[in-house]
Amino acid sequence: MPTALITGATAGIGAAFARRLAVDGFSLVLLARDEERLAASAETLHKRYGVPVEPLRADLTTEEGMTAAEERLRSGVDLLVNNAGFGHHGGFLDTPVEDEVRMLRLHCEAVLRLTRAALPYMVSKGRGGVINVASVAAFLPGGTYSATKSWVVNYSASAANMVNRHGVRVMALCPGFVRTEFHDRAQLDMSNLPPFAWLSADRVAAGAMRDLARGAWVSVPSARYKAVVALARLLPLNLVGRMAKVRYR
């Protein structure tokens, strides 16, 4: 039975990956900060799908949490989903620099360190995969959030280029607006967003697994967001920046 470790595993895209991978027969390592919610998620998944579920309480914005995750990954997993993340309510001039640094640590340092911790085992086995959850915002200038997600896309493609020859796949997942707790936690008012703009977390996870299986380096769910990314890559960066008024995820 293959093993998958998912960060930010108790809600949203992370929880959707947990459900999908349980159906696919993976044993799960769920990493999150909320111990009570983590235990409840682990119990529910084990009872519903009959797979082993290991809860791992860790805060990846701390050195202690990062080290705990690295140690578990070095013992061997077949799939890593780096999903943990958050957004800010205001722009970077309105956000305390400590919060900006915390975002950099979670979105960039954690992705770097956890990917590096997971890959040696996968390379030694000649199989495995890493999915780093980025965002359509990676292609749209929009503050520190967008900048960190742009880094995730570039880093994931660079890692994929290095390890593909060993039978290991690395992919950046770039969803648009997904119905999760993300925007509520960031205190973002999304009431004016039309219903067609929203994606289902379960469909995002399912599409990501298909794209990973075919060897994609970047996965953008749905035709409409593929069009957004294609347009953003063609237009001048300053024009894209003026057009990008919202945060995606």
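The name an unreviewed UniProt entry assigns to the chain is SDR family oxidoreductase, from the organism Microbispora maris. Quoted verbatim from the Sequence similarities (unreviewed entry) field of UniProt, the annotation for the chain is "Belongs to the short-chain dehydrogenases/reductases (SDR) family."

Caption draft 1: The arrangement of the overall build of the chain in detail. Across its full length, the chain carries nine helices and seven strands. Restricting the contact set of the chain to residue pairs at least 6 apart, pairs at least 24 apart contribute 71%. Of the roughly 11,800 Å² that the chain leaves accessible, carbon and sulfur atoms contribute 54%.

Caption draft 2: Structural view of empty space enclosed by the protein. Per the counting criterion, the structure on display carries two cavities of 30 Å³ or more. Here the second largest cavity defines a volume of roughly 40 Å³. Lining the second largest cavity are Thr7, Leu60, Asn82, Asn83, Ala84, Leu106, Ala110 and Val111. If you tally residues by element for the lining of the second largest cavity, the top one is helix α4 (residues 97-125), at three residues. Looking at the lining of the second largest cavity residue by residue, the class counts come to five nonpolar, three polar and no charged.

Caption draft 3: Here's a closer look at the pairing of strand β1 (residues 3-7). Counting buried positions over the five residues of β1 gives five, a clear majority of the element. Here β1 shows no split at all, with Thr3, Leu5 and Thr7 on one side and Ala4 and Ile6 on the other all buried. Relative to strand β2 (residues 27-32), β1 runs parallel, the two being bridged by five bridges. Bridge pairing in β2 places Ala4 opposite Leu28.

Caption draft 4: The layout of surface pockets, seen in detail. Of the volumes computed, that of the second largest pocket is approximately 240 Å³. If you trace the second largest pocket, you find 14 residues lining it, with Arg203, Gly207, Arg210, Pro221 and Ser222 closest to the centre. Of the residues contributing to the lining of the second largest pocket, the split by class is five nonpolar, four polar and five charged.

Caption draft 5: View of the packing of helix α1 (residues 12-23) against helix α7 (residues 201-213). The contact between α1 and α7 brings their axes to 8 Å, and the two run at 60°. Taken together, the axes of α1 and α7 are oblique relative to one another. By crossing handedness, the relation of α1 to α7 is classed as right-handed. Contact residues: α1 offers Gly12, Ile13, Ala16, Phe17, Arg19, Arg20 and Leu21, while α7 offers Ala201, Asp202, Ala205, Ala206, Ala208 and Met209. Of the residues assigned to the contact of α1 with α7, the class counts are nine nonpolar, one polar and three charged.

Caption draft 6: Focus on the pairing of strand β6 (residues 169-173). Burial within β6 is extensive, with four of its five residues counted as buried. Alignment of strand β5 (residues 129-133) against β6, held across five bridges, turns out to be parallel. If you follow Val130 over to β6, its bridge partner there is Val170. The β-α-β motif built from β5, the intervening helix α5 (residues 143-163) and the parallel element β6 has right-handed crossover chirality. Alignment of β6 against strand β7 (residues 218-219), held across two bridges, turns out to be parallel. Residue pairing in the sheet places Leu173 in a bridge with Ser219 of β7.

Calculation criteria
- Residues numbered from 1 in each chain as written.
- Predicted model: local features only at pLDDT ≥ 70, side-chain atom pairs only at ≥ 80, totals over all residues.
- Heavy atoms only, no water.
- UniProt positions renumbered as here; feature names shortened; annotations may be inferred.
- Helix = DSSP H or I, 4+ residues; strand = E, 2+ residues; numbered from the N terminus.
- Contact = heavy atoms within 4.5 Å.
- Areas by Shrake-Rupley, 256 points an atom, 1.4 Å probe, with all protein chains shown as cover.
- 1 Å grid on protein atoms, 1.4 Å probe; cavity = no way out; pocket = protein on both sides within 12 Å on 5 of 7 lines; lining within 4 Å.
- Points joined across faces, edges and corners; volume = space filled by probe spheres on them.
- Nonpolar A, V, L, I, M, F, W, Y, C, P; charged D, E, K, R; others polar.
- Buried < 20%, exposed > 50% of the residue type's maximum accessible area, 1.4 Å probe, protein only.
- Pairing = 2+ DSSP bridges.
- Axes fitted to C-alpha atoms, helices over the stretch in contact; angles between N-to-C directions.
- Parallel < 35°, antiparallel > 145°, perpendicular 65-115°, else oblique.
- Left-handed = near helix turned anticlockwise from the far one by under 90°.
- Right-handed = clockwise from strand over helix to strand, strands pointing away.

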